[in-house]
Amino acid sequence: MSSQESGPEQATASRRSKITPERAKELYTAVLDMLRESGYESLTMEGVASRTRCGKSTLYRQWGSKPELVVAALHGTRHGLLGRIDTGTLAGDLRAAARAIGEGSGRDTPLMLALSHAALQSPELLCALRESLILPELAAIDAMVARGVERGEVAAGNPATEFVSAQLLGVMRARPLLGCAQADETFLVRFVEAAVFPALGLDAQASGS
């Protein structure tokens with residue numbers, strides 16, 4: 001390939017490299033904070049530039065558009081906390097998951113609400129929302145339940161195993177819509193013990209942190 005052919009690609013790479021991973025993370029965090037505060041429709045590239053003291057032209061050059069920036073922010077700020085939980089018992093895993101989800105509910109629930117309507121209009125945004133906020137948590141909880149079945153804590157044919165992740169994540173996102181407070185750690189632990197444990201045949205007094 002000649003130098004003339006590779007020039008534009010090299011120039012693009014050079015422009016993109018001006019934002020470091022650390023700086024990108026700062027920008028992503030600011031974008032998600034602004035979404036929680038004012039919603040998707042109110043988010044603008046100009047507002048992000050002002051909030052982060054970053055040139056608007058730099059944002060457009062790096063991400064191209066508001067949807068692309070939001071998608072990048074969703075992908076760039078998730079840490080997969082539920083996937084690291086493994087207490088040795090299903091009761092312990094579900095309590096730990098409830099605490100982790102409850103701890104993050106003040107951040108994630110407003111974000112989900114802010115993006116839900118916009119995501120219905122944008123397949124790309126909907127895909128990023130599912131991949132970044134929903135599917136990893138569903139998969140992690142399903143894996144906890146599968147380990148519980150393998151250990152013999154839950155009967156292999158128990159039909160409730162299919163719905164544990166939907167119950168736990170669904171109530172977290174639904175509770176504010178019902179006019180209640182956020183589904184915090186205390187509420188979610190009580191929920192899994194009162195609603196999920198009985199369906200799985202687990203003792204609410206079972207040990208496990």
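Whatever comes next refers back to the structure up there.
Residues numbered from 1 in each chain as written. Predicted model: local features only at pLDDT ≥ 70, side-chain atom pairs only at ≥ 80, totals over all residues. Heavy atoms only, no water.

### With respect to the nonpolar core
Let me state the cut-off plainly: For the purposes of this section, nonpolar cores are sets of buried Ala, Val, Leu, Ile, Met, Phe, Trp, Tyr and Cys residues that join through side-chain atoms within 4.5 Å. Between buried and exposed lies partly exposed: a residue is buried under 20% and exposed over 50% of the maximum accessible area for its type, with that area taken using a 1.4 Å probe on protein chains only. Going along the chain from the N terminus, every DSSP run of H or I of four or more residues is numbered as a helix, and every run of E of two or more is numbered as a strand. Any pair of residues with heavy atoms lying within 4.5 Å of one another is described as a contacting pair.
With 32 residues, the main nonpolar core has Leu35, Val70, Leu74, Leu115 and Leu125 as its most contacted residues. Mapped onto this core, the elements with two or more residues apiece are α2 (21–38), α3 (45–52), α4 (56–63), α5 (66–76), α6 (90–121) and α7 (123–150). Apart from the residues within four sequence positions on either side, Leu35 is in contact with Tyr40, Leu43, Val70, Leu111, Ala114 and Leu115.

### Notes on the packing of aromatic side chains
Applied cut-off: Put simply, two rings from Phe, Tyr or Trp (the six-membered ring, in Trp's case) pair if the centres are within 6.5 Å, and we call them stacked under 30 degrees between planes, edge-to-face over 60, tilted for the rest. Sitting over a ring, as applied to charges here, requires NZ of Lys or CZ of Arg to be within 6 Å of the ring centre and within 35 degrees of the ring normal.
This model, assessed by the stated rule, comprises two aromatic pairs. Summarising the aromatic geometry, the rings of Tyr28 and Trp63 are spaced 5.8 Å apart at their centres and angled 65° between planes, so their arrangement reads as edge-to-face. Here the residue Tyr28 occupies a position in helix α2, and Trp63 occupies one in helix α4, the gap between them amounting to 35 residues. You'll find Tyr28 and Trp63 in the same group, each marked buried. Judged by centre distance (6.4 Å) and plane angle (20°), the ring pair of Phe187 and Phe191 falls under stacked. With Phe187 and Phe191 both in helix α9 (residues 185–200) and four residues apart, this pair spans about one turn of that helix. Residue Phe191 is classed as buried on the basis of its relative accessible area of 19%. If you follow Arg175 out to its NZ or CZ, it ends over the ring of Phe187, 3.8 Å from the centre.

### As for α4
Selection rule: The arc under discussion is defined with respect to the helix axis, by the directions toward the C-beta atoms.
Those residues of α4 not exposed but buried are Leu59, Gln62 and Trp63. Buried residues of α4, seen end-on, are gathered within an arc of 75° and therefore sit on one face of the element. Phi turns positive, to about 90°, at Gly64, one or two residues after α4.

### Section: the pattern of salt bridges
Just so we agree on the cut-off: We count a salt bridge whenever a side-chain nitrogen from Lys or Arg sits within 4 Å of a carboxyl oxygen from Asp or Glu.
Under the defined criterion, the tally for this structure stands at eight salt bridges. With a closest N to O distance of 2.7 Å, Arg95 and Glu193 form a salt bridge. Taken as a pair, Arg95 in helix α6 and Glu193 in helix α9 lie far apart in primary sequence, 98 residues in all. In this structure Arg95 comes out as buried when scored by relative accessible area, which is 5%. In this structure, the salt-bridge partner of Arg151 is Glu153, at a minimum N-O distance of 2.5 Å. Arg151 gets classed as partly exposed once you look at its relative accessible area, which sits at 35%. Given a relative accessible area of 26%, Glu153 falls into the partly exposed group.

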